[in-house]
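Single-letter residue listing:
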Amino acid sequence: MIPFTYARAGDEEDAVRLAGTAGSTYLGGGTNLVDLLRRTVERPSALVDVTGLSSSIEDSGGGLMIGAAARNTAVAEHRLVRTRYPVLSRAILAGASGQIRNMATVGGNLLQRTRCPYFYDVAGYRCNKRNPGEGCDAVGGPHRGHAILGASPACIAVHPSDMCVALAALDADVHLRGAGGSRLVPLTGLHRLPGTHPEIETVLAPGELITGVQLPAPVTGERSAYRKVRDRASYAFALVSVAALLGVQDGVVTSARLALGGVAPKPWRAYTAERSLIGGPATATAFRAAAEAELAAATPLRDNGFKVELAVRTITAVLDGLVREERA
Amino acid sequence: MTEDGGPVRINGSPVALPDDPRVSLLDLLREQAGLHGTKKGCDQGACGACTVLVDGQRVLSCLALAVQYAGREVVTIEGLSEGDTPHPLQRAFVEHEGFQCGYCTPGQICSALGMMAEVERGVPSYVTADLGAATAGLDGDELRERMSGNLCRCGAYNGIADAVAETFAGRTR
Ligand SMILES: Cc1cc2nc3c(=O)[nH]c(=O)nc-3n(C[C@H](O)[C@H](O)[C@H](O)COP(=O)(O)OP(=O)(O)OC[C@H]3O[C@@H](n4cnc5c(N)ncnc54)[C@H](O)[C@@H]3O)c2cc1C
Ligand code: SF4
Ligand code: FES
Ligand code: FES
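Residues numbered from 1 in each chain as written. Chains lettered and ligands numbered in written order. Predicted model: local features only at pLDDT ≥ 70, side-chain atom pairs only at ≥ 80, totals over all residues. Heavy atoms only, no water.

Labelled according to an unreviewed UniProt entry, chain B appears under the name Xanthine dehydrogenase YagT iron-sulfur-binding subunit, originating from Pseudosporangium ferrugineum. Recorded under Pathway (unreviewed entry), the UniProt text for chain B is reproduced unchanged: "Alkaloid degradation; nicotine degradation." (UniProt positions renumbered as here; feature names shortened; annotations may be inferred.)

With an unreviewed UniProt entry as reference, chain A is termed Xanthine dehydrogenase YagS FAD-binding subunit, source organism Pseudosporangium ferrugineum.

Printed below as a string of structure tokens:
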């Protein structure tokens, strides 16, 4: 690691002020950042520890407000999350391991970097995200884990979070605070697609702090599920994951919220599939058609074409499972 | 900036925090405190060999910067036995051959203790069927899912699972 200073922020104002110095980076649980520091992928001169900021999880007008310093386990085990937003509990529990979930914060989970192996290998490979403009060795090299939606020739990395996939489906908003004040952005608008600048991953201004995540009240009558497909049964990142919330009345889909993980540079809200589903029959045929409509935009590469069919099948199976559950 | 919370306590004794914030809790344990029980497998969060308990919660000491743990209570494998009497879980690992080379064992044992505290608190897992249920258990796939953050290169998983299941039988709620 390159030397850096360490300071613990006492409150949000303190954090934003401390991070105003060039070269500063916020530190959550450290489960991603410490690894990146050790590999010198990240080279900050100062760390501002924000784990002492709000970690409360509270009802807010039938919805939920989650402090950015809340640990992943604390969110997953919270009674209000388990009863109102089980898809969020399930998604968090699908990620990493018990130890890592105890350390990881909500803010850190939102801003965790990609797990693209080329990005982590400073000495071995070229990477536009690490060194803007130098090229991307993933495009020509083995890339079965990489993106099929939303990627660009400059970067084909996927966003690795499970939690974010559920938050995208749940219409979560993210509270930000910077030197100029506070603002709210939708989770689906927090991360940016790579385009020609994969090094710019979010809409955050330099030094801007995530202070919390807000969930709207649950939609009555919706059933939900999170399913993750990976190379081993546990403790592995997603090849494809699906967060789904589905409302059905008299065999007709009344509401559908769907997001995908493991396939795109950001948590991927499947708006095309949703439009195809709403108002249509709640049948496996219609579910498959909706999934195919979403994946029609896929641009698979040499090694990751399997993700297209995997995503279609997983979406279909998850939605079909929700309808069967409803009938049972 | 808040005042720093003083030293970190390791197995009941205070240990000064490093001046250099780059030092991980794992390196503090092994190199400063001379406690070599906690192992460095991957140093990147992927194996669980470095698992310790902080205020009763299992964490990975390789991904923890020691300076973040001022005033916290760390328990390592060295802190589990009572004098020469091993912890019941340590004894069960021996009885069930829950290890071969033993490298992953301190992490497995600390992880299992932290896991059991989670189960007793009712924390669900990815394989828990009913997230609304107030209770949690170790039946079916639960134990292996909850312990999946600890790899064993020797493949002693059956013995590990038996030792953990036997030690905690009847303690699920
Ligand atoms: C072996 C392994 C397996 C994993 N498997 C999975 C998995 O299957 N699924 C999954 O979803 N995740 C997985 N993870 C990733 C894990 O979820 C993230 O590392 C974790 O959520 C990051 O949270 P943190 O608090 O530790 O963040 P840190 O590492 O502390 O920080 C991460 C980033 O967020 C920034 N940051 C932190 N807090 C704030 C804030 N409040 N405001 C602004 N910026 C902030 C930091 O500057 C840094 O850039 C895995 C990690 C490891 C090591
Ligand atoms: S895919 Fe993106 S992160 Fe991976 S090497 Fe290419 S530019 Fe870097
Ligand atoms: S050494 Fe910490 S997880 Fe492998
Ligand atoms: S006993 Fe050898 S690694 Fe587990």
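Within chain B, the regular secondary structure consists of five helices and five strands. Reading the secondary structure of chain B in the N-to-C direction produces β-β-α-β-β-β-α-α-α-α. Relative to the compact-globule value of 16 Å for 173 residues, chain B shows a C-alpha radius of gyration of 16 Å, a close match. Overall, the C-alpha framework of chain B stretches about 45 × 40 × 30 Å when taken along its three principal axes. When contacts within chain B are restricted to residue pairs at least 6 apart in sequence, long-range pairs at least 24 apart make up 59% of them. Here chain B has roughly 7,600 Å² of accessible surface; of this, 48% comes from carbon and sulfur atoms. One finds the centroid of the 14 positive side-chain charges in chain B at a distance of 2 Å from the centroid of its 23 negative side-chain charges. (Helix = DSSP H or I, 4+ residues; strand = E, 2+ residues; numbered from the N terminus. Rg over C-alpha atoms; globule rule 2.2 N^0.38 Å. Contact = heavy atoms within 4.5 Å. Areas by Shrake-Rupley, 256 points an atom, 1.4 Å probe, with all protein chains shown as cover. Lys, Arg positive; Asp, Glu negative; His and termini not counted. Charge placed at Lys NZ, Arg CZ, Asp CG, Glu CD.)

Glancing now at the sheet that holds strand β4 (residues 57–60) of chain A. All names here are of chain A. Taken in spatial order, the five strands of this open sheet run β4-β5-β8-β6-β7, and their pairing is antiparallel. At either margin of the open sheet sits one strand with a lone partner, and together these are β4 and β7 (181–186). Each strand axis lies, on average, 25° off the axis of its neighbour in the sheet, ignoring direction. Pairing of strand β6 (residues 173–178) with strand β8 (residues 209–215), which is carried by five bridges, proceeds in the antiparallel orientation. Note on β8: the bridge partner recorded for R177 is L209. (Pairing = 2+ DSSP bridges. Axes fitted to C-alpha atoms, helices over the stretch in contact; angles between N-to-C directions.)

Listed by partner, the interface residues are 43 residues for chain B and 48 residues for chain A. Surface buried jointly by chain B and chain A totals about 3,500 Å² across both partners, of which 51% is contributed by carbon and sulfur atoms. Along the contact surface separating chain B from chain A lie two salt bridges. Among the salt bridges present, the one from D43(B) reaches R38(A), with a minimum N-O distance of 3.4 Å. Taken together, chain B and chain A are joined by 24 residue pairs in polar contact (both at pLDDT 80 or more). For the side of chain B that touches chain A, the secondary structure elements donating two or more residues are β4 (57–60) and α3 (105–121) of chain B. At four residues, the largest contribution of residues to the side of chain B that touches chain A is made by β4(B). Residue composition of the side of chain B that touches chain A, grouped by class: 21 nonpolar, 16 polar and six charged. (Buried area = accessible area lost by both parts, 1.4 Å probe. Salt bridge = Lys/Arg side-chain N within 4 Å of Asp/Glu carboxyl O. Polar contact = N/O pair within 3.5 Å; in protein donor to acceptor, adjacent residues only side chain to side chain. Nonpolar A, V, L, I, M, F, W, Y, C, P; charged D, E, K, R; others polar.)

Residues and elements named next belong to chain A. The buried count for strand β10 (residues 240–249) comes to eight of 10 residues, which makes it a mostly enclosed element. Bridge analysis of strand β9 (residues 223–229) against β10 gives seven bridges, and the strand direction is antiparallel. Along β10, the bridge assignment pairs Y226 with A243. Here β10 runs beside strand β11 (residues 252–261); their pairing, made up of nine bridges, is antiparallel. Bridged to Q249 within β11 is V252. As consecutive antiparallel partners, β10 and β11 are separated by two residues, and within that stretch D250 has a phi angle of approximately 50°, a positive value. (Buried < 20%, exposed > 50% of the residue type's maximum accessible area, 1.4 Å probe, protein only.)

For any part of a model where pLDDT is low, the fine detail of the predicted coordinates should not be relied upon. On average, residues of chain B score 95 in pLDDT, and 96% of them reach the 70 mark or higher. Our summary of model confidence lists the complex with pTM equal to 0.98 and ipTM equal to 0.97. (pLDDT = per-residue confidence, 0-100.)

In this description, a pair of aromatic rings is defined by centroid distance and the angle of the planes. Within this structure, the stated rule accounts for two aromatic pairs over all chains. The interplanar angle of 80° and the centroid separation of 4.8 Å between the aromatic rings of Y118(A) and Y125(A) together place this pair among those described as edge-to-face. A relative accessible area of 8% means that Y118(A) is categorised as buried. The interplanar angle of 90° and the centroid separation of 5.4 Å between the aromatic rings of F119(A) and Y120(A) together place this pair among those described as edge-to-face. Look at F119(A) and you get buried, because its relative accessible area is 1%. In this arrangement the basic side chain of R230(A) is found over the ring face of Y126(B), its NZ or CZ atom lying 5.2 Å from the centre. (Phe/Tyr/Trp six-rings, centres within 6.5 Å; stacked < 30°, edge-to-face > 60°. Lys NZ or Arg CZ within 6 Å of the ring centre and 35° of its normal.)

Turning our attention to the site of ligand 2. In the region of ligand 2, 14 residues are neighbours, and C116(A), C127(A), C136(A), C155(A) and I156(A) sit closest. Of the residues assigned to the shell around ligand 2, the class counts are 10 nonpolar, two polar and two charged. (Near = heavy atom within 4 Å.)

Note on placement: E142(B) falls in helix α4 (residues 142–146). If we skip the residues at most four places from it in the chain, E142(B) touches S125(B), V127(B), T128(B) and G137(B).

Let us look at the site of ligand 1. Taken together, 34 residues form the shell around ligand 1, and within it Y26(A), T31(A), L33(A), T105(A) and D162(A) come nearest. The local environment of ligand 1 is shared, drawing residues from chains A and B. A distance of 2.6 Å separates an oxygen atom of ligand 1 from a polar side-chain atom of T105(A). Between an oxygen atom of ligand 1 and a main-chain N or O atom of A236(A), the distance comes to 3.4 Å. In the complex, the protein chains occlude 95% of the 980 Å² of accessible area that ligand 1 would expose alone. Elements with a contribution of two residues or more to the shell around ligand 1: β2 (24–27), α7 (106–111) and β8 of chain A. If one sorts the elements of the shell around ligand 1 by residue count, α7(A) sits on top with four residues. Its residues assigned to classes, the shell around ligand 1 shows 15 nonpolar, 16 polar and three charged.

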